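Take a look at the letters that make up each chain.
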Amino acid sequence: VQLVESGGGLVQPGGSLRLSCAASGFTFSTYAMSWVRQAPGKGLEWVSAINSGGGRTSYTDSVKGRFTISRDNAKNTLYLQMNSLKPEDTAVYYCAKKKTLTIVAANDWDEYDYWGQGTQVTVSS
């Protein structure tokens, strides 16, 4: 299994970024996926999840209305569109493969079995 994130970078407050996660080594379309982040000096924070088919999503309160998770099962790719970025969004962003196809218990780390290497997002003027 391999999960490779891309799309991070430096952006000004109010700006946008689109993260991608290319998946391989498993049947992508049969597992839920999440984005998780880790800010400097802090622990892991679950950000968003999407079920296997892409029809159900969930977000942590701090990103609702600003971030959109999506997936393209034909391309084995997970996305996170991030708009209206704030300095507090600065973190390393990871994609993670859930053990099941649903988003139930998406913020329970025991629900995940594979993680990417992360991509840095820095929001600063």
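Keep in mind it's a predicted model, so treat the numbers as computed, not measured.

The rules we used
Residues numbered from 1 in each chain as written. Predicted model: local features only at pLDDT ≥ 70, side-chain atom pairs only at ≥ 80, totals over all residues. Heavy atoms only, no water. Phe/Tyr/Trp six-rings, centres within 6.5 Å; stacked < 30°, edge-to-face > 60°. Buried < 20%, exposed > 50% of the residue type's maximum accessible area, 1.4 Å probe, protein only. Lys NZ or Arg CZ within 6 Å of the ring centre and 35° of its normal. Helix = DSSP H or I, 4+ residues; strand = E, 2+ residues; numbered from the N terminus. Pairing = 2+ DSSP bridges. Core = buried A, V, L, I, M, F, W, Y, C linked by side-chain atoms within 4.5 Å. Contact = heavy atoms within 4.5 Å. Polar contact = N/O pair within 3.5 Å; in protein donor to acceptor, adjacent residues only side chain to side chain. Axes fitted to C-alpha atoms, helices over the stretch in contact; angles between N-to-C directions.

Notes on the packing of aromatic side chains
Ring pairs (aromatic) are described by centroid distance and by the angle formed between their planes.
Then comes step 1: The tally for this structure, following the rule as stated, stands at 5 aromatic pairs.
Then comes step 2: Measuring from ring centre to ring centre gives 5.7 Å for Tyr112 and Trp115, while their planes differ by 55°; the resulting arrangement is tilted.
Then comes step 3: When its relative accessible area of 6% is taken as the criterion, Tyr112 is described as buried.
Then comes step 4: Through a chain of ring-to-ring contacts, three or more aromatic side chains come together here, namely Phe26, Phe28 and Tyr31.
Then comes step 5: Taking the ring centre of Tyr79 as reference, the NZ or CZ of Arg18 above it sits at 4.0 Å.

Overview of the pairing of strand S1 (residues 2-6)
Then comes step 1: Here S1 shows one buried face, formed by Leu3 and Glu5, and one open face, formed by Gln2, Val4 and Ser6.
Then comes step 2: Examined bridge by bridge, S1 and strand S3 (residues 17-24) share 5 bridges and lie antiparallel to one another. Following the sheet pairing, Gln2 is matched in S3 by Ser24.

Quick notes on the nonpolar core
Then comes step 1: One finds Trp35, Phe67, Leu78, Leu80, Met82 and Tyr93 to be the most contacted residues of the largest nonpolar core, which totals 25 residues.
Then comes step 2: Top element by residues in this core is S3. It accounts for 4 residues.
Then comes step 3: Each residue touching Leu78, except ones within four places of it in the same chain, is listed here: Leu19, Ser20, Cys21, Phe28, Met33, Ser34, Trp35, Ile50, Ile69, Ser70, Arg71 and Cys95.
Then comes step 4: Ranked by size, the runner-up nonpolar core spans 7 residues in total, among them Val36, Trp46, Ala49 and Ile103.

Concerning the side chain of Lys98
Then comes step 1: Mapped onto the elements of the fold, Lys98 is located in strand S9 (residues 91-98).
Then comes step 2: According to the relative accessible area criterion, Lys98 is buried, its value standing at 0%.
Then comes step 3: A distance of 3.0 Å separates the side chain of Lys98 from the backbone oxygen of Thr102, its partner in a polar contact.
Then comes step 4: A polar contact is formed between the side chain of Lys98 and the side chain of Glu111, at a distance of 3.1 Å.
Then comes step 5: Each residue touching Lys98, except ones within four places of it in the same chain, is listed here: Tyr31, Ala32, Ile103, Val104, Ala105, Ala106, Glu111, Tyr112 and Asp113.

Re the pairing of S3
Within a regular beta strand, the side chains point alternately toward one face of the sheet and then the other, so they alternate between its two faces.
Then comes step 1: Bridge analysis of S3 against strand S8 (residues 77-82) gives 6 bridges, and the strand direction is antiparallel. When the bridges of S8 are listed, Leu19 appears paired with Leu80.

Thoughts on the sheet that holds S3
Then comes step 1: Here we have 4 strands laid out as an open sheet, ordered S1-S3-S8-S7, and antiparallel in their pairing. If you trace the sheet from one side to the other, it starts and ends with S1 and strand S7 (67-72), each paired once. Averaged over all pairs of adjacent strands, the angle between their axes in this sheet comes to 15°, without regard to strand direction.

Read these as geometric descriptors, not functional statements.
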